[in-house]
Structure formats: structure tokens, C-alpha cells
Amino acid sequence: MGIEEYRRRIDEIDGEIVRLLNERAECARAIGRAKEDADLTAFAPAREAEVLDRVLRASRGPIEPEALRAIYREIVSACRALERPMTVAYWGPPASNTHVAARQRFGSQARYLPTDSIGQVFSVVEQGHADYGVVPVENSTEGVVSRTLDSFLETTLLICDEIYVVIHHHLLSHAPSLEAVRRIYTMPQATAQCRAWLEKHLPHAELVDVATTARAAEIAAAEEGAAAIANKTAAEFYGLNVLAERIEDNPRNRTRFLVLGHLQPPPTGRDKTSLLFAVRHEAGALIRALAAFEKYDINLTMIESRPTKVTPWEYVFFADVEGHVDEGPESPMRRALNLFQQHCLYVKVLGSYPAQSD
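Calculation notes
- Residues numbered from 1 in each chain as written.
- Predicted model: local features only at pLDDT ≥ 70, side-chain atom pairs only at ≥ 80, totals over all residues.
- Heavy atoms only, no water.
- Core = buried A, V, L, I, M, F, W, Y, C linked by side-chain atoms within 4.5 Å.
- Buried < 20%, exposed > 50% of the residue type's maximum accessible area, 1.4 Å probe, protein only.
- Helix = DSSP H or I, 4+ residues; strand = E, 2+ residues; numbered from the N terminus.
- Contact = heavy atoms within 4.5 Å.
- 1 Å grid on protein atoms, 1.4 Å probe; cavity = no way out; pocket = protein on both sides within 12 Å on 5 of 7 lines; lining within 4 Å.
- Points joined across faces, edges and corners; volume = space filled by probe spheres on them.
- Nonpolar A, V, L, I, M, F, W, Y, C, P; charged D, E, K, R; others polar.
- Pairing = 2+ DSSP bridges.
- Axes fitted to C-alpha atoms, helices over the stretch in contact; angles between N-to-C directions.
- Salt bridge = Lys/Arg side-chain N within 4 Å of Asp/Glu carboxyl O.
- Polar contact = N/O pair within 3.5 Å; in protein donor to acceptor, adjacent residues only side chain to side chain.
- Parallel < 35°, antiparallel > 145°, perpendicular 65-115°, else oblique.
- Left-handed = near helix turned anticlockwise from the far one by under 90°.

A. Structural context of the nonpolar core. Counting residues in each nonpolar core, the largest one holds 38 residues, and the members touching the most others are F152, L171, I184, I229 and L260. Of the residues forming this core, the biggest block, five residues, is contributed by helix α5 (residues 118-126). Excluding its chain neighbours within four sequence positions, the residues that come into contact with L260 are V121, F122, V125, D131, Y132, G133, V135, F152, L157, L158, I159 and C160.

Here is the structure:
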């Protein structure tokens, strides 16, 4: 076929795609009505992950898997919006890494609510001003985000999903070259993740800490001779040039984000449970408690301690384990948790949710 024949065939295919998309949307709308009658949430992370996985398995190319994933993420987002409009709160101004993570999970059709702090994300979701919230919890280079862990001490919210985002830092500015950069706006975590590059290429530039990378880009956009460490979304949003790409010291730099809500997803067979707990302040107490998971072959994937902020030198612990609390009363997970609770002063399940690959 010639070019015109191929174009006519594309037009025919596009018409069929639009017809099928609208047919899919009608099914989604019907599901939304059924969920509303049953008082179920429109957000079903396990089901959405299943859809994406099945689509990727069905593809024979030439579209790359990541491109197909992005296309279907928007299809799912549009159909979810037909079920019920959804508001998602996130930390930072638009184009922050948390905003990028939220859009990666919920797509462009959700309504997004920026907040000034991690604590405020928890608050607006608890108060019903947003359906879900997205906050960072740990970075592969810098470790846990203490403000997020501390917020779980007082919240009633549940973790209902997790998101892994590859974090690439770029130097953004209106300046024509690195030599013209006198001041760099950055957040402490970004500075730490780019320290070697900064010392080599801009050792004399002043570093100014701000709350988020998006805020850094916003300030740099209005100041001559200033630059920001931020993502490419921020460059587009604030009209900045990319002076240097991927300046992070660790090319495998990733951040894990949590989705906060009021409902817990059902088991999928590949889940993760987050726990907050305290043990007696005595020798061996922590080991005895954690031995419950070893006994029932439950993998512990993360543990972190935080001060109680009530009594000096007393701590609470956060842990992630593989499994779901609703797997059944005789499941290894349920048995391990029952034994674990016997050795703890306090245990709070922060949520069970589908485990995502990092």
C-alpha cells in the first residue's frame, strides 16, 4: 500500500478504537453505579494493576511496554473519572516529585490538590477534602522520610497502595551556562543525592534550601543567575531550560510513595502490610517480637525506629512485611501477626495493599 492507503487504514482503525473506548467507558460507568450501590471505592489498585499487566502480556509490539502502560494509565484514569470524580492531595506545588508520583498512579483525569506539608496531606484526606493522598516514605539513597512516618502516629488513615518512581534530578535555569549560575535552590534530600556532581561542577555556587524541588524551580524561574535541582516536569511547568541532565550521584535513585485513604484493598496474593508497633524497653524484646515472622516464613522488607516524642529514649517501630492481614485466620500471615502481638505493647496495622515492583 502507498502512504494514502496507510492513512485511510489508520483513520479506519482510529474510528474503531474510539468506538471501543466508549464501549469500555460505558462498562466502567455501569461498574461505578454498582460500586456506589454497594458503598465501594472507585479506586481499585489491584484490579488496575491486573488490567495493565494483562495488556502488556497481550501486546506483541511494536509499541514499547512503557508507552503502552502510559496509554492505558490514561484510559483507566478517564474511565475511573466516569465512575466517580476523584480528588487526590499531594505534598508540594505542581510538578513536585510527589505530584509526578500521584499522576503516575491516578492519571490526568483526577483532580489534584497541592498542599504545603506532608502533615497537611494527611489532614485534608482525614477531613474529607480529598479522597486520597500521596506522600513520600523512603528513598533508595537517603532512606526514610521521617515526617511521613511520624504522621502515622496520630492518623486513622490507611495505606492502600504504593508507588515507586525513578528520580532523575536535573539542573534547571534561565542562565545560558553553568558558569552563569551563582545560586542553586534545592531541597536537602536532592542536595544529598547530587552532592558529588555539585562539588565537581558548581563548587562555588550558593546552595539555598527550600521545601520541595518544585518550589526550587518556581523561585529560580524568577531570579537571574539562579538555578534549581528538580525534575523535567518542573522545567516544562515553570519554563526553565535544562542545563545539565541526570545529575544524581546514584543512577538507580528511586523514591517510594504511599497512597493514603480510608479503605483497605482486598488480598491479591502479592501484598504488603505496614505495621506500627512498640515493645517493652528491655533486652531482647524486639528480637522476640520479630521472631514471629521468621517462625511463619513471613519476609520483613523494612524496619525503622522513631522516637515516641512522649518519653525520652523510648521508640516506636515501623515495619513492612509481605502478606495481607485478611488472608484468613489460619494463614501464615494471620498466625504470625497473632504471635507478634503477644510480644508487643502496641500494634497498629497501617494497611495491607498490593505490592508494586520497584
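B. Representation of empty space enclosed by the protein. The final tally for this structure, using the stated rule, is two cavities of 30 Å³ or more. In this structure, the largest cavity encloses a volume near 70 Å³. Going through the elements one at a time, β11 (254-261), β12 (271-278) and β14 (315-322) are the ones with two or more residues in the lining of the largest cavity. For the lining of the largest cavity, the element with the highest residue contribution is β14, accounting for three residues. Of the residues contributing to the lining of the largest cavity, the split by class is ten nonpolar, one polar and two charged. S77, R80, A81, R84, P85, M86, F106, Q109 and A110 are the residues that line the second largest cavity. A per-element tally of the lining of the second largest cavity places helix α3 (residues 65-83) first, with three residues. Class assignment for the residues of the lining of the second largest cavity results in five nonpolar, two polar and two charged.

C. Structural detail: the sheet that holds strand β6 (residues 170-173). If you walk across this open sheet you meet the five strands as β8-β7-β9-β6-β10, and the pairing is mixed. The strands lining the two open edges of the sheet, one partner per strand, are β8 (206-209) and β10 (241-244). Neighbour-to-neighbour, the strand axes of the sheet open up by a mean angle of 35°, direction not taken into account. Across three bridges, β6 lies against β10 in antiparallel orientation.

D. How the structure looks around the environment of T212. Considering the arrangement of structural elements, one finds T212 in the loop between β8 and α9 (213-220). For the pair T212 and T186, spaced 26 residues apart in sequence, the C-alpha separation works out to 7.3 Å. Apart from the residues lying within four places of it in its own chain, the contact partners of T212 are W91, G92, P93 and M187.

E. Highlighting the layout of surface pockets. Taken as a whole, the largest pocket spans an internal volume of roughly 1,000 Å³. The set of elements that each furnish at least two residues to the lining of the largest pocket consists of α2 (45-58), α3, α4 (97-106) and β5 (158-166). Residue contributions to the lining of the largest pocket peak at eight residues, all from α3. Each pocket or cavity is described by its volume, and for the second largest pocket that value is around 420 Å³. What lines the second largest pocket is a set of 19 residues, among which R24, A28, I31, R47 and V51 lie closest to the centre. Among the elements of the structure, α1 (3-37), α2 and α3 are those that each provide at least two residues to the lining of the second largest pocket. Among the elements that line the lining of the second largest pocket, the one with the most residues is α1, at seven residues.

F. View of the pattern of salt bridges. For the structure on display, the rule yields 22 salt bridges. Across the pair E162 and K272 runs a salt bridge, and its minimum N-O distance is 3.1 Å. Of this pair, E162 sits in strand β5 while K272 sits in strand β12, and the two are 110 residues apart along the sequence. For E162, a relative accessible area of 1% gives the class buried. Here K272 falls in the buried class, since its relative accessible area comes to 9%.

G. Highlighting the pairing of β5. Within β5, eight of the nine residues are buried, which leaves the element mostly enclosed by the surrounding structure. Across eight bridges, the pairing between β5 and β11 is antiparallel. Residue pairing across strands places Y164 opposite R256, the latter belonging to β11.

H. Examining the sheet that holds β12 more closely. Strands sit in the order β13-β14-β12-β15 across an open sheet of four strands; the sheet is antiparallel. Only two strands of the sheet have a single partner each, and these edge strands are β13 (300-307) and β15 (346-354). Along the sheet, successive strands turn relative to each other by an average axial angle of 15°, direction set aside. Sheet topology places β13 next to β14; seven bridges connect them, and they run antiparallel. When the sheet's bridge partners are listed, L300 is paired in β14 with V321.

I. Layout of the side chain of T155. With respect to the helices, strands and loops of the structure, T155 is situated in the loop between α6 (146-151) and β5. T155 gets classed as buried once you look at its relative accessible area, which sits at 3%. Only 2.5 Å separates the side chain of T155 from the side chain of E126, close enough to count as a polar contact. Among the polar contacts made by the side chain of T155, one reaches the main-chain amide nitrogen of L157 at a distance of 3.0 Å. Every residue in contact with T155, bar those within four places of it in the chain, is listed here: F122, E126 and K348.

J. Inspection of the packing of α2 against α3 at higher detail. Axis separation between α2 and α3 bottoms out at 10 Å; the angle between their running directions is 140°. Taken as axis vectors, α2 and α3 run oblique relative to one another. Along this stretch, α2 crosses α3, giving a crossing that reads as right-handed. Here E48, L52, V55 and L56 of α2 lie close against α3, whose contacting residues are P65, L68, R69, Y72, R73, V76 and R80. Along the lines of polarity and charge, the residues of the contact of α2 with α3 split into seven nonpolar, no polar and four charged.

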